[in-house]
Amino acid sequence: MSSQGQNTGRRPELRHDPVANRWVIFSPARAKRPTDFKSKSPQNSNPGDNSSCPFCIGNEHECAPEIFRVPSDPNWKLRVIENLYPALSRNIEGPCEEKQDMGVPARAIGGFGFHDVVIENPVHSVHLCDMEARDIGQVLLAYKKRIQQIASVESIKYVQAGIFLFILQNCISFSMLWKDRFGVCTLETMVHSFSLQSSSSCSTIKVFKNHGASAGASMSHSHSQLLALPIIPSAVSARFEGMNEYFKKTGKCSLCEVQAKELLIDESTHFISIVPFAATYPFEMWIIPRAHSSHFHEFDCDKMVELGGLLKLMLRKMSLQLNNPPFNFMIQTSPLQVKESELSYAHWFLQIVPQLSGAGGFEMGSGCYINPVFPEDAAKVLREVNLPVAG
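Please read these numbers as outputs of a predicted model, since none were measured by experiment.

**A short note on the UniProt feature "binding site: Zn(2+)" (unreviewed entry) in the chain**
The UniProt record annotates "binding site: Zn(2+)" (unreviewed entry) at C53, C56, H124 and H221. The named residues occupy 169 residues along the chain; their greatest pairwise C-alpha distance, 7.9 Å, places them in one compact cluster. Along the chain, C53 turns up in the loop between β2 (22–26) and β3 (66–70). Of the residues examined, C53 reaches a relative accessible area of 6% and is grouped as buried. Each residue touching C53, except ones within four places of it in the same chain, is listed here: N59, H124, M219 and H221.

**Thoughts on the packing of helix α1 (residues 133–150) against helix α3 (residues 304–321)**
Packed helix pairs are characterised by how far apart their axes lie and by the angle those axes make with each other. Axis separation between α1 and α3 bottoms out at 7 Å; the angle between their running directions is 115 degrees. Put simply, α1 runs roughly perpendicular to α3. Crossing of α1 against α3: the hand is right-handed. From α1, A133, R134, I136, G137, L140, L141 and K144 reach across to α3, where they touch M304, V305, L307, G308, G309, L311 and K312. Of the residues assigned to the contact of α1 with α3, the class counts are eight nonpolar, three polar and three charged.

**Observations concerning helix α2 (residues 234–250)**
Compared with an ideal rise of 1.5 Å per residue, which puts 17 residues at 24 Å, α2 spans 24 Å between its outermost C-alpha atoms and is within 8% of the ideal. Listing the buried residues of α2 in full gives V236, R239, F240, G242, M243 and N244. Looking one or two residues past α2, G251 carries a phi angle of roughly 75 degrees, positive in sign.

**Regarding the environment of K144**
Looking at where K144 falls in the secondary structure, it is placed in helix α1. Overall, K144 belongs to the buried group, its relative accessible area being 7%. When the C-alpha positions of K144 and D300 are compared, they lie 9.9 Å apart, and in sequence the two are 156 residues distant.

**What about α1?**
Here α1 contains 18 residues, and its C-alpha end-to-end distance of 26 Å stays within 8% of the 26 Å for a straight helix at 1.5 Å per residue. Of all the positions in α1, only I136, G137, V139, L140, A142, Y143, K144, R146, I147 and I150 are classed as buried.

**Regarding the sheet that holds strand β1 (residues 13–17)**
The three strands lie next to each other as β1-β2-β17, forming an open sheet whose pairing is mixed. Two strands close off the open sheet at either side, each with one partner strand: β1 and β17 (369–371). Taking each pair of neighbouring strands and ignoring which way they run, the sheet shows an average axis angle of 35 degrees. Where β1 and β2 come together, five bridges link them in antiparallel fashion. What sits directly across from D17, in β2, is R22.

**Details of the UniProt feature "active site" (unreviewed entry) in the chain**
Those places that UniProt annotates as "active site" (unreviewed entry) correspond, in this numbering, to H223. Looking at the secondary structure, you find H223 in strand β11 (residues 223–229). With a relative accessible area of 7%, H223 lands in the buried category.

Reading the values: rules and limits
Positions within a chain are numbered from 1, following the residues in the order the chain's sequence is written. In view of the model being predicted, local features appear only for residues whose pLDDT reaches at least 70, and side-chain atom pairs are presented and counted only at 80 or more, with totals across whole chains, interfaces and linings using the full set of residues. Note: side-chain values were computed over all heavy atoms of the structure, leaving out hydrogens and water. UniProt positions are given in the numbering used here, feature names are shortened, and annotations may be inferred rather than shown by experiment. Only runs of H or I of at least four residues qualify as helices and only runs of E of at least two qualify as strands under DSSP, and these elements are numbered from the N terminus. Remark: exposure states derive from per-residue accessible area (1.4 Å probe, protein chains only) relative to the maximum for the residue type, with buried under 20%, exposed over 50%, and partly exposed in between. We call two residues in contact when some of their heavy atoms are within 4.5 Å. To get an axis, fit a line to the C-alpha atoms, keeping to the stretch in contact for a helix; angles then go from 0 to 180 degrees between the N-to-C directions. Put simply, angles under 35 degrees are roughly parallel, angles over 145 are roughly antiparallel, angles from 65 to 115 are roughly perpendicular, and the rest are oblique. The sense of a crossing depends on the near helix, which, turned anticlockwise from the far helix by less than a right angle, makes the crossing left-handed and, turned clockwise, makes it right-handed. Residues are grouped as follows: nonpolar covers Ala, Val, Leu, Ile, Met, Phe, Trp, Tyr, Cys and Pro; charged covers Asp, Glu, Lys and Arg; every other residue, Gly included, is treated as polar. Helix span, expected: 1.5 Å multiplied by one less than the number of residues in the helix. The criterion for strand pairing is that DSSP finds at least two bridges linking the strands in question.

Here it is as structure tokens:
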């Protein structure tokens, strides 16, 4: 590498993330200057023909069944609907019995769960970062309300909400969750025709958002998704165990302890935004509540507009600095059914991941990621982004 930029003289470093409980390799020799990172496939902020978009106002009849809308009249601002092509099925009788002794060292259960879509606004060309903080707050409140509804289903263990990676667009007739002897969970689908399906008896609920085709978004109209699972995914278990290990060593919550000014991007009264110390991905960002909070759906409603404002700021900084990259954001919350003793170290956060690089064979084979940008450098670049003043 040429002797230019901030990476000059920096040596590779291995950092351990106590939250995800994994190691990350930082190798600046593999990168250009942090300020030179740009998306090679920026997203079109104003897609052309939207006359056939089922998410636009007036086309509600083309969508899967509606769960609720805000407000509850024809001039809605957001809608929550069932996913027309769900990854799991809410129509399977639950709880599902576990299958063993199948001739392979693995276990399986029926693919029961919920897979919903949050249509964030009625206008096709408006993205989440274009919305007012109060309207983004309404989207976050919709996540909260839907998680609370699903949490009453006893067999649901985890819920993920946000902008997620789903690139399948083929109709699924059958879903099954597999767990192999190494503890790796897989959602397997038997596919025919064109579509993707959802499920109803779950123990995990995941909120996520995909922005851009390469980040998994199959629809250009701004939306996010919520997936509720009857199992706790391996990555969630690893994160929970990592938080537990830190707590056992220090008696403190790992996210309550985040104080490094070099990692700080911005802050508000009740939240901080940082690049994590052992960021898995270049320019990865976390928004963390200052006060200890284990579950997103139990967080105060009156703080959602503030969270919406900080999320908007992070998305705008990322878009301007990184050339409007495709991205995912996920709300990393705790499993629904946790013990009282586990609440002391369980702390939710919102994770934003711009899609700037892909995983190679080493990352896939080892689970250890190589990040070419030191978090302190990424945080400094994002901190110094000057946003244009709205006219």
